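# Analysis of the macromolecular model
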Amino acid sequence: MSGRHTLMLIKPNAVKNGYAQKIFLEVAEAGFKILAVKKLKLSKEEAEAFYYVHNGKPFFDSLVEFMTSGAIYAAVIEKDNAVADWRKLMGATDPAKAEEGTIRKKYAESMQHNAVHGSDSDENALNEIFFYFSAREIVNAGGKLMQLHEISNK
Ligand code: CMP
(Lines give C-alpha, C1' and ligand atoms only; values in the text may rest on other atoms or scores of the structure.)
Protein backbone atom coordinates (compact mmCIF):
# COMPACT_ATOMS: atom_id res chain seq x y z
CA MET A 1 0.00 0.00 0.00
CA SER A 2 1.23 3.46 -0.82
CA GLY A 3 2.10 5.76 2.01
CA ARG A 4 0.17 8.86 2.89
CA HIS A 5 3.17 11.16 3.41
CA THR A 6 5.88 12.71 1.33
CA LEU A 7 8.42 15.51 1.64
CA MET A 8 8.18 18.60 -0.51
CA LEU A 9 10.80 21.33 -0.76
CA ILE A 10 10.35 24.75 -2.29
CA LYS A 11 13.79 25.64 -3.60
CA PRO A 12 15.67 28.95 -3.28
CA ASN A 13 14.76 30.26 -6.74
CA ALA A 14 11.03 29.83 -6.15
CA VAL A 15 11.24 31.34 -2.65
CA LYS A 16 13.23 34.34 -3.94
CA ASN A 17 10.75 34.86 -6.76
CA GLY A 18 7.84 34.94 -4.30
CA TYR A 19 6.17 31.74 -5.53
CA ALA A 20 6.01 29.86 -2.21
CA GLN A 21 2.49 30.93 -1.22
CA LYS A 22 1.12 30.13 -4.68
CA ILE A 23 2.78 26.70 -4.61
CA PHE A 24 1.38 25.88 -1.15
CA LEU A 25 -2.06 26.95 -2.35
CA GLU A 26 -1.84 24.63 -5.37
CA VAL A 27 -0.73 21.77 -3.12
CA ALA A 28 -3.71 22.33 -0.80
CA GLU A 29 -6.11 22.67 -3.73
CA ALA A 30 -4.85 19.33 -5.07
CA GLY A 31 -6.12 17.70 -1.87
CA PHE A 32 -2.96 17.49 0.21
CA LYS A 33 -3.01 18.33 3.89
CA ILE A 34 0.06 20.42 4.71
CA LEU A 35 0.98 18.69 7.92
CA ALA A 36 4.15 20.55 8.95
CA VAL A 37 6.18 23.34 7.38
CA LYS A 38 9.47 25.04 8.13
CA LYS A 39 11.52 27.72 6.41
CA LEU A 40 15.26 27.23 6.71
CA LYS A 41 18.60 27.72 5.01
CA LEU A 42 20.65 24.59 4.37
CA SER A 43 24.36 24.57 5.24
CA LYS A 44 26.78 23.13 2.70
CA GLU A 45 27.16 19.99 4.82
CA GLU A 46 23.40 19.55 5.11
CA ALA A 47 22.82 19.97 1.36
CA GLU A 48 25.63 17.49 0.61
CA ALA A 49 24.05 15.00 3.00
CA PHE A 50 20.51 15.45 1.67
CA TYR A 51 21.64 14.98 -1.95
CA TYR A 52 24.27 12.34 -1.13
CA VAL A 53 22.79 9.96 -3.72
CA HIS A 54 23.94 12.43 -6.41
CA ASN A 55 27.49 12.72 -5.03
CA GLY A 56 29.98 12.34 -7.89
CA LYS A 57 27.57 13.44 -10.61
CA PRO A 58 28.65 16.38 -12.75
CA PHE A 59 25.92 18.65 -11.36
CA PHE A 60 26.49 17.80 -7.67
CA ASP A 61 28.63 20.80 -6.66
CA SER A 62 26.42 23.32 -8.40
CA LEU A 63 23.31 21.63 -6.96
CA VAL A 64 24.74 22.05 -3.45
CA GLU A 65 25.70 25.66 -4.18
CA PHE A 66 22.21 26.39 -5.49
CA MET A 67 20.41 24.68 -2.61
CA THR A 68 22.44 26.71 -0.08
CA SER A 69 21.97 30.01 -1.93
CA GLY A 70 18.88 31.08 -0.02
CA ALA A 71 15.98 30.04 2.17
CA ILE A 72 13.88 27.00 1.31
CA TYR A 73 10.59 25.65 2.64
CA ALA A 74 10.39 22.02 3.75
CA ALA A 75 6.94 20.50 4.25
CA VAL A 76 5.42 17.16 5.14
CA ILE A 77 2.31 16.72 3.01
CA GLU A 78 -0.38 14.09 3.48
CA LYS A 79 -2.80 12.42 1.07
CA ASP A 80 -3.54 8.92 -0.20
CA ASN A 81 -0.83 8.00 -2.72
CA ALA A 82 1.18 11.04 -1.62
CA VAL A 83 4.51 10.26 -3.33
CA ALA A 84 3.10 9.64 -6.80
CA ASP A 85 0.49 12.40 -6.63
CA TRP A 86 3.02 15.02 -5.55
CA ARG A 87 5.42 13.94 -8.30
CA LYS A 88 2.61 14.26 -10.84
CA LEU A 89 1.70 17.74 -9.59
CA MET A 90 5.38 18.81 -9.66
CA GLY A 91 5.95 17.67 -13.25
CA ALA A 92 9.15 16.38 -14.83
CA THR A 93 12.55 17.29 -13.31
CA ASP A 94 13.39 19.15 -16.53
CA PRO A 95 10.78 21.93 -16.87
CA ALA A 96 11.15 21.77 -20.66
CA LYS A 97 9.59 18.30 -20.41
CA ALA A 98 7.03 19.12 -17.71
CA GLU A 99 3.35 18.94 -18.61
CA GLU A 100 1.21 22.07 -18.85
CA GLY A 101 -0.33 22.97 -15.51
CA THR A 102 2.41 21.38 -13.40
CA ILE A 103 4.30 23.39 -10.81
CA ARG A 104 7.63 23.03 -12.58
CA LYS A 105 6.12 24.08 -15.89
CA LYS A 106 4.89 27.24 -14.21
CA TYR A 107 7.66 28.10 -11.76
CA ALA A 108 10.91 26.32 -12.72
CA GLU A 109 13.70 28.06 -14.61
CA SER A 110 15.90 25.11 -15.54
CA MET A 111 16.70 21.48 -14.74
CA GLN A 112 18.59 22.59 -11.66
CA HIS A 113 16.54 25.64 -10.67
CA ASN A 114 13.43 23.52 -10.83
CA ALA A 115 11.40 25.17 -8.04
CA VAL A 116 10.39 22.10 -6.01
CA HIS A 117 11.54 18.69 -4.82
CA GLY A 118 9.59 15.57 -3.97
CA SER A 119 10.55 12.18 -2.59
CA ASP A 120 10.68 9.40 -5.19
CA SER A 121 9.49 6.43 -3.08
CA ASP A 122 7.73 5.75 0.21
CA GLU A 123 11.01 4.63 1.73
CA ASN A 124 12.83 7.79 0.66
CA ALA A 125 9.87 9.89 1.81
CA LEU A 126 10.34 8.54 5.32
CA ASN A 127 14.08 9.21 5.28
CA GLU A 128 13.66 12.67 3.77
CA ILE A 129 10.87 13.66 6.18
CA PHE A 130 13.09 12.73 9.13
CA PHE A 131 16.00 14.68 7.60
CA TYR A 132 14.02 17.91 8.13
CA PHE A 133 11.53 17.08 10.90
CA SER A 134 11.74 15.23 14.19
CA ALA A 135 9.20 12.57 15.13
CA ARG A 136 8.10 14.93 17.92
CA GLU A 137 7.37 17.75 15.47
CA ILE A 138 5.31 15.45 13.28
CA VAL A 139 3.32 14.07 16.20
CA ASN A 140 2.70 17.59 17.51
CA ALA A 141 1.48 18.62 14.06
CA GLY A 142 -1.14 15.86 14.29
CA GLY A 143 0.73 13.36 12.12
CA LYS A 144 -0.05 9.70 12.50
CA LEU A 145 3.45 8.48 13.13
CA MET A 146 2.32 4.85 12.98
CA GLN A 147 1.63 5.30 9.28
CA LEU A 148 5.18 6.47 8.78
CA HIS A 149 6.49 3.43 10.62
CA GLU A 150 4.24 1.15 8.59
CA ILE A 151 5.94 2.50 5.46
CA SER A 152 9.37 1.70 6.85
CA ASN A 153 8.31 -1.80 7.92
CA LYS A 154 6.53 -2.84 4.75
P1 CMP B 1 15.39 17.15 -7.27
O2 CMP B 1 14.05 16.56 -7.50
O3 CMP B 1 15.57 18.03 -6.09
O4 CMP B 1 16.47 15.97 -7.19
C5 CMP B 1 17.82 16.14 -7.54
C6 CMP B 1 18.08 17.47 -8.19
O7 CMP B 1 19.26 17.53 -8.94
C8 CMP B 1 16.99 17.73 -9.21
O9 CMP B 1 15.77 17.99 -8.58
C10 CMP B 1 17.59 18.87 -9.99
O11 CMP B 1 17.47 20.12 -9.32
C12 CMP B 1 19.07 18.47 -9.99
N13 CMP B 1 19.44 17.80 -11.24
C14 CMP B 1 19.12 16.56 -11.64
N15 CMP B 1 19.65 16.29 -12.85
C16 CMP B 1 20.34 17.39 -13.21
C17 CMP B 1 21.11 17.74 -14.35
N18 CMP B 1 21.29 16.87 -15.35
N19 CMP B 1 21.66 18.97 -14.39
C20 CMP B 1 21.49 19.84 -13.37
N21 CMP B 1 20.78 19.57 -12.26
C22 CMP B 1 20.20 18.37 -12.19
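Heads up: these notes are all about the structure in this document. All of these numbers come straight from a predicted model, not from anything done at the bench. Throughout, a residue's number is its position along its own chain's written sequence, starting from 1. Reporting of local features is limited, given that this is a predicted model, to residues whose pLDDT is at least 70; pairs of side-chain atoms are given and counted only at 80 or more, and all residues count toward the totals for whole chains, interfaces and linings. As a rule here, side-chain values come from all non-hydrogen atoms in the structure, and water together with hydrogens is ignored.

### Brief notes about the nonpolar core
Joining through side-chain atoms within 4.5 Å is the link that ties buried Ala, Val, Leu, Ile, Met, Phe, Trp, Tyr and Cys residues into a set, and such a set is a nonpolar core. Relative accessible area decides the class of each residue, using a 1.4 Å probe on protein chains only: under 20% of the type maximum gives buried, over 50% gives exposed, and in between gives partly exposed. One finds Met8, Ile10, Ile23, Val27, Trp86 and Ile103 to be the most contacted residues of the largest nonpolar core, which totals 21 residues. Listed by contribution, the elements that provide at least two residues to this core are β1 (5-10), α1 (12-16), α2 (20-29), β3 (72-78), α5 (82-90) and α6 (103-107). When sequence neighbours within four positions are dropped, the list of residues in contact with Trp86 reads Thr6, Leu7, Met8, Val27, Phe32, Ile77, Ile103, Val116, His117 and Gly118. Counting 20 residues, the second largest nonpolar core, distinct from the first, contains Leu63, Met67, Val76 and Ile138. Secondary structure elements are taken from DSSP: a helix is a run of H or I of four residues or more, a strand is a run of E of two residues or more, and numbering for both begins at the N terminus. Contacts between residues were defined by any pair of non-hydrogen atoms, one from each residue, lying within 4.5 Å.

### Focus: the site of the ligand
Neighbouring residues are identified by heavy atoms, a residue being near a molecule or strand if any of them is within 4 Å of it. The full set of residues close to the ligand is Lys11, Tyr51, His54, Phe59, Leu63, Thr93, Arg104, Met111, Gln112, Asn114 and His117. At a separation of 3.1 Å, an oxygen atom of the ligand approaches a polar side-chain atom of Asn114. Polar contact criterion, stated in full: a pair of N or O atoms within 3.5 Å, where within protein one must be able to donate a hydrogen and the other to accept it, and residues adjacent in sequence count only if both atoms are side-chain atoms. A distance of 2.8 Å separates an oxygen atom of the ligand from a polar atom in the side chain of His117. Burial of the ligand by the protein chains amounts to 78% of its free accessible area of 460 Å². Most atoms of the ligand, that is more than half of them, are within 2 Å of grid points of the largest pocket. Looking at the shell around the ligand residue by residue, the class counts come to four nonpolar, five polar and two charged. Only the protein chains shown count as cover for residues, and the accessible areas themselves come from Shrake-Rupley with a 1.4 Å probe. Lining residues are those with an atom within 4 Å of a point, where the points come from a 1 Å grid over the protein atoms alone and group into cavities, where a 1.4 Å probe fits but cannot get out, or pockets, open sets with protein on both sides within 12 Å along at least five of seven lines. Think of it this way: a molecule belongs to a cavity or pocket when more than half its atoms come within 2 Å of the grid points there. Residues are grouped as follows: Ala, Val, Leu, Ile, Met, Phe, Trp, Tyr, Cys and Pro are nonpolar; Asp, Glu, Lys and Arg are charged; all remaining types, including Gly, are polar.

### Thoughts on the pattern of salt bridges
When their charged atoms lie close together, side chains carrying opposite charge are able to pair. The rule for a salt bridge is simple: a side-chain nitrogen of Lys or Arg has to be within 4 Å of a carboxyl oxygen of Asp or Glu. For the structure shown, the criterion picks out seven salt bridges. A salt bridge links Arg4 to Asp80, with the nearest nitrogen and oxygen atoms 2.7 Å apart. Of this pair, Arg4 sits in the segment before β1 while Asp80 is found in the loop between β3 and α5, placing the two residues 76 residues apart along the sequence. You can call Arg4 partly exposed: its relative accessible area is 26%. A salt bridge links Asp85 to Lys79, with the shortest nitrogen-to-oxygen separation between them at 2.6 Å. Residue Asp85 is classed as partly exposed on the basis of its relative accessible area, which comes to 23%. Ionic contacts of the salt-bridge type, sharing partners, join the residues Arg4, Glu78 and Asp80 into one network.

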